[in-house]
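Commentary on secondary and tertiary structure
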Amino acid sequence: MEKFISVFDMFKIAVGPSSSHTLGPWVAARRCLDKIQQSIGLENVLSVKVLLYGSLAKTGKGHGTDMAVMMGLMGEDPITTDTQLIMSKINAIKMNHSLLLNGVHALLFIYEDHIQFLKDQSLPHHPNALSFIVQTELEAFTFTYYSIGGGFIESEMDIATKLNQKNAVSEEKEMPFNFITTNDLLHWCMKTGMSISDIIRENEKTILEETLLNKELDHIWQTMLDCIYKGCHTEGTLPGGLQVRRRAFELNKKLLKDQHYTDQKSWLDLIQKGGTDFKYILDWVSCFALAVNEENASFGRVVTAPTNGAAGVIPSVLLYTILFCNKNTPSAIRNFLCTASAIGILFKNGATISAAMGGCQAEIGVSSAMAAAALTEALGDNQKQSLMAAEIAMEHHLGLTCDPVGGLVQIPCIERNTMGAIKAITAAQLALQSKPDFALVSLDKVIHTMWNTAQDMNVKYKETADGGLAIQIPIALAEC
Ligand code: SF4
């Protein structure tokens, strides 16, 4: 039995700018902290050294990997930490050469020595690998983790256990509607008449009582909306040294023509009152996506969807659905998230959601496919059309490379979210105007093709900043 992937694995509250390079290493540092507490004892630790390999070493500085591991080792939680204080905490460690392990045990920590970017080395299991070497008076312990995309983490131990469990009885809980492929998912939809979102809800209800499930989904959406709102109301230049100017602030002002509003609710009302002109809607869809990814690039709070780099696509399309398609009910919003997560799960099962494995098709391509299916369900209520929309969205992202300039999640990443959102809307419209039974390419086929393309893709285009735009723009890797 495959491990159950939850809607809350796809949508995780995180700190920018990257799920694989920031959230994953942050979670890994906290896992290492747990290990220390369980088997070594905080008080016995003399030092902790962090080794970053492969893609984490190459683009880790621009993606905040160093910051993330320090925050994790201090015991900070990415869901609750005050993002405004992150930089001052990191600067304090660098200046004082001291890190408080789990917030209580002071260690000598010299940034240049205790975090090593091993750009020429990689570990075999995955390009995003990191090791923590924990030194006590008697011995050194090494804990190695892999950040496998979307904030998911695997330890060496997890991998060994998986291998050993090949023939063992799985401890995973049986879901009412297990699915690996699109065919499996469609089978359940056809057999039960349930929508894709219903299938996901029923699976989730085996681990979370319905009221709590709704509460958590509402919390995810509110975090996305807060992020859009904050991004639309913050001006200035993004950190990292590229001098990228924030654009959502100006665009928001321009679109609202300086009309007065006092809070999120009155802001949304004003946007909706602005009409349905094509260019007006197009500008807002872009503005929402820019806002999220500018927040993401500023170490702000975002929701992985399914990754940080692609965090703007789904909130943007969902807000479009609410404001311009009149789908503003809690259940419509929850269903949107559930359907989107189903598509993300299919891609995680059949291909990858890691740019270090598959380039940007695995991030923006997947998020666009997720948004397309969810929008189609909201507007059409036909499961085959939703799956067709996801297929169309990914079909036109195939081969998309990951080449972030300066190793930062800014160029092309921020604008690319606007493209992912617009393509999702177009894919949904195309599917809604088509007959899915006549489609020649299935979603399973396109997932398979994406995975083949990922394997054929040169490593230069997989989040290494060694190719593409990253080497056309003559800017040295920026310091965070
Ligand atoms: S280019 Fe795409 S995959 Fe790469 S960091 Fe940017 S958004 Fe993520």
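Digging into helix α13 (residues 278-297)
- Relative to the 28 Å expected for 20 residues at 1.5 Å per residue, α13 spans 29 Å between its end C-alpha atoms, a close match to the ideal helical length.
- The buried count for α13 comes to 16 of 20 residues, which makes it a mostly enclosed element.
- Sitting at the amino-terminal end of α13 is D277, which places a side-chain oxygen 3.2 Å from the backbone nitrogen of K279.
- Positive phi shows up at F299, right after α13, with a value of about 60°.

Section: the packing of aromatic side chains
- Counted by the stated rule, this structure contains nine aromatic pairs.
- Pairing Y280 with F324 gives two aromatic rings, centres 6.2 Å apart and planes at 85°, and the pair type is edge-to-face. In this pair, Y280 is assigned in helix α13 and F324 in helix α14 (residues 313-324), connecting sequence segments 44 residues apart.
- On the basis of relative accessible area, F324 is assigned to the buried category, the value being 12%.
- Ring centres 6.3 Å apart and planes at 45° place the aromatic pair Y320 and F324 in the tilted group. Here F324 and Y320 lie together in helix α14, a separation of four residues that amounts to about one turn. One exposure class covers both Y320 and F324, and it is buried.

Remarks on empty space enclosed by the protein
- Inspection of the entire model under this criterion finds four cavities of 30 Å³ or more.
- There is about 150 Å³ of room inside the largest cavity.
- If you go around the largest cavity, you meet 17 residues; those closest to its centre are G309, E363, C402, V409 and C413.

Quick word on the nonpolar core
- F11, W267, W284, I343 and F347 are the most contacted members of the largest nonpolar core, which has 117 residues in total.
- Looking at which domains feed residues into this core, each of domain 1 (19-165) and domain 2 (182-472) supplies at least three.
- Setting aside its immediate chain neighbours within four residues, W284 contacts N252, L255, L256, W267, I271 and F324.
- In terms of nonpolar packing, the next biggest core, distinct from the first, is built from 38 residues, A28, I36, A57 and M70 among them.

About the cut-offs
- Residues numbered from 1 in each chain as written.
- Predicted model: local features only at pLDDT ≥ 70, side-chain atom pairs only at ≥ 80, totals over all residues.
- Heavy atoms only, no water.
- Helix = DSSP H or I, 4+ residues; strand = E, 2+ residues; numbered from the N terminus.
- Expected span 1.5 Å × (residues − 1).
- Buried < 20%, exposed > 50% of the residue type's maximum accessible area, 1.4 Å probe, protein only.
- Polar contact = N/O pair within 3.5 Å; in protein donor to acceptor, adjacent residues only side chain to side chain.
- Phe/Tyr/Trp six-rings, centres within 6.5 Å; stacked < 30°, edge-to-face > 60°.
- 1 Å grid on protein atoms, 1.4 Å probe; cavity = no way out; pocket = protein on both sides within 12 Å on 5 of 7 lines; lining within 4 Å.
- Points joined across faces, edges and corners; volume = space filled by probe spheres on them.
- Core = buried A, V, L, I, M, F, W, Y, C linked by side-chain atoms within 4.5 Å.
- Domains from an automatic or database assignment.
- Contact = heavy atoms within 4.5 Å.

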